[in-house]
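# Overview (structure and organization)
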Amino acid sequence: EQLVAKALEHCGGVDFLVCSAGVNPLVGSTLGTSEQIWDKILSVNVKSPALLLSQLLPYMENRRGAVILVSSIAAYNPVVALGVYNVSKTALLGLTRTLALELAPKDIRVNCVVPGIIKTDFSKVFHGNESLWKNFKEHHQLQRQVGFGDLVVHVWLGRGS
């Protein structure tokens, strides 16, 4: 609520929303994950974007708004070690499709960006483990790795499309 109030105070309205937050406090088995970890991952990665959008929706209507949810390659190519994170990022694909249909009559576009591996501390489970990284690149035909700045430039340059 504070975030919404601050955005409205500063901008007067909302034209777009980008939801890129994500957590994965556990590297391990999906079925061995505690309920507490399941709740945290699904709450941040799936529930939070939907709840934030529900609060912003009245301020986006009649503005031809746009929503971008950021998923992960793990939604299409799950990695066993990422367990519940894979599930949460797959759920974002379903959320995107549902919201796109629901918000189209309000002239609000909803899209999902599905980046590959972005070299950050968050993805060290891949690029920090040479054998896992080599295996991943071979199986997913990964030819290059981008940094966070590359993703930001790509999204920004595509803003008019």
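Look above for the structure.
Keep in mind the model is a prediction, meaning the values are calculated, not measured. (Residues numbered from 1 in each chain as written. Predicted model: local features only at pLDDT ≥ 70, side-chain atom pairs only at ≥ 80, totals over all residues. Heavy atoms only, no water.)

For the rest of this paragraph, the subject is the sheet that holds strand E1 (residues 16-19). Pairing is parallel across the open sheet formed by three strands, whose spatial order is E1-E2-E3. For this open sheet the edge positions go to E1 and strand E3 (109-113), each flanked by a neighbour on one side alone. Each strand axis lies, on average, 15° off the axis of its neighbour in the sheet, ignoring direction. The sheet contact formed by strand E2 (residues 66-70) and E3 spans five bridges and is parallel. Looking at E3, one finds that Ala66 is bridged to Arg109. The strands touched by helix H2 (residues 35-60) are E1 and E2; relative to E1, the strand with the most contacts, the crossing angle is about 175°. Of the strands in this sheet, E2 and E3 are in contact with helix H3 (residues 83-103), which crosses E3 at around 165°. (Pairing = 2+ DSSP bridges. Helix = DSSP H or I, 4+ residues; strand = E, 2+ residues; numbered from the N terminus. Axes fitted to C-alpha atoms, helices over the stretch in contact; angles between N-to-C directions. Contact = heavy atoms within 4.5 Å.)

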